[in-house]
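# Notes for the structure review
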Amino acid sequence: MGGASYSSSSDDSDTSSILASSEAESPAAPTSTIPPPVAAAAAVPSTSQPAPQQQPTATAATTPSNTPRIRHTIPTVISDNGLRLVPRAFQHCEMADIIALTAHMLDRIIAHNDALPSDRPLTRFHSRAAPAISPHAYLTRITTFTNVDPCIIVILLYYIDKLSDYLTISSLTIHRFLISAICCGSKALSDSFATNSRYARVGGVELIEMNALEREFLLAINWRLATSGAMLEQYWITAVEAHPGYQIFIPPVFQAIPSLPPASLPPPLPPPASTPPPQRQQQQVLIQQGPEMPATSPTSTDQNHSNHSQQQPINGDIVDSDNSRPSKRSKGDDS
């Protein structure tokens, strides 16, 4: 699952020992110390069969979860009318603005669903009462004490649509949904992630419940935790357009070059002066030709042919062309 390796053993180690090991790796990091757990409301017993004690948990990556990630961030610009201008690519946006825009969408979804009567059965994500911490503060807490990429925050909106047939996001389900979705999404899409013990401590739930939430979330979403970049960009643009205080900003280096004024065409060139065509020079003859033969007329040719035919001997006689009969030779002719 994109760098996540699930093992059969449960992460039942003491939370204090894991925190102590993370502090020893980077004692100077500001996120090495986790504040006290959030006082979350008790969960409602689910009508489904309870999950077994031994749940598959992910092993922590080699990179500590409190190691800061280096990414190219474009600072948010404040316009003249007070709007916060964010880049079109959420990967380059500041994390505080990503949390604010995502939390604003979550607040709108919660306000809409809380006003509707719900007849769906209870799930493992339901709480007995709504926790006192807001979704914005809850997301800020998770991103502060765990290593969360920007795409994990934006993809939460995609997970809500995928689970719309199974779970209704409301003030009773949003917190357990967020901690389980960030846990599973980080293991599938990020190179580094925290352990379930850390997610449980930050999210304010027990380790056994965190393992059960992870399993329930994966089964509900059918293990389909990834989507296309174009889909995430569309969710990001929708979140920016839905917030009255934000607007998409195109950096100057990506803005289109303004059109230049049309250039004046030069006058046409004058036609060339009429000049006599150049005379063709006689080529040099390399082979000297002999004198030409005189042309023979057809009359002389026929005459020669007739004279030659008169001199043809036939059986020792000379044929006379006039009377077409042979004449006898005389003895004087032989001499």
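Higher on the page you've got the structure.
The structure reproduced in this document is the subject of the present report. Predicted model, so just to flag it, every value in this text is computed and none were measured.

## Some points on the packing of helix α2 (residues 95–114) against helix α8 (residues 229–242)
- Remark: α2 packs on α8, axes separated minimally by 9 Å, with the N-to-C direction vectors making an angle of 75°. Considered as vectors, α2 and α8 are oriented roughly perpendicular to each other. On the side of α2, the interface is formed by Ile98, Leu101, His104, Met105 and Arg108, while α8 contributes Trp236, Thr238, Ala239, Val240 and Ala242.
- The class makeup of the residues in the contact of α2 with α8 is seven nonpolar, two polar and one charged.

## So, the pattern of salt bridges
- If you walk through the whole model with that rule in mind, you get five salt bridges.
- For Arg84, the salt bridge identified is with Asp97, shortest N-O distance 3.1 Å. Remark: Asp97 occurs in helix α2 and Arg84 occurs in strand β4 (residues 84–87); sequence separation between them is 13 residues.
- We classify Arg84 as partly exposed; its relative accessible area is 30%.
- For Asp97, a relative accessible area of 2% gives the class buried.

## Brief notes about helix α7 (residues 207–220)
- Along its 14 residues, α7 runs 20 Å from first to last C-alpha, staying within 8% of the 20 Å computed at 1.5 Å per residue.
- Counting buried positions along α7 gives ten out of 14 residues, so the element sits mostly inside the fold.
- All of the buried residues in α7 are Leu207, Glu209, Met210, Asn211, Ala212, Leu213, Glu214, Glu216, Phe217 and Leu218.
- Of the residues one or two after α7, Asn222 is the one with positive phi, at around 60°.

## So, the nonpolar core
- Tyr159, Phe177, Ile182, Phe217 and Trp236 are the most contacted members of the largest nonpolar core, which totals 57 residues.
- Breaking this core down by element, the ones donating at least two residues are α2, α3 (135–145), α4 (150–162), α5 (174–189), α6 (196–203), α7 and α8.
- At ten residues, α4 tops the list of elements feeding residues into this core.

## Remarks on the pairing of β4
- Where strand β3 (residues 77–78) meets β4, two bridges bridge the pair, whose relative direction is antiparallel. Looking at the pairing, Val77 lines up with Leu85 of β4.
- Turn length for the β3-β4 hairpin, with the two strands adjacent in sequence and antiparallel, is five residues, and the turn residue Gly82 shows positive phi of about 90°.
- Pairing analysis gives four bridges linking β4 to strand β5 (residues 246–249), with the strands arranged parallel.

Reading the values: rules and limits
- Residues numbered from 1 in each chain as written.
- Predicted model: local features only at pLDDT ≥ 70, side-chain atom pairs only at ≥ 80, totals over all residues.
- Heavy atoms only, no water.
- Axes fitted to C-alpha atoms, helices over the stretch in contact; angles between N-to-C directions.
- Helix = DSSP H or I, 4+ residues; strand = E, 2+ residues; numbered from the N terminus.
- Parallel < 35°, antiparallel > 145°, perpendicular 65-115°, else oblique.
- Contact = heavy atoms within 4.5 Å.
- Nonpolar A, V, L, I, M, F, W, Y, C, P; charged D, E, K, R; others polar.
- Salt bridge = Lys/Arg side-chain N within 4 Å of Asp/Glu carboxyl O.
- Buried < 20%, exposed > 50% of the residue type's maximum accessible area, 1.4 Å probe, protein only.
- Expected span 1.5 Å × (residues − 1).
- Core = buried A, V, L, I, M, F, W, Y, C linked by side-chain atoms within 4.5 Å.
- Pairing = 2+ DSSP bridges.

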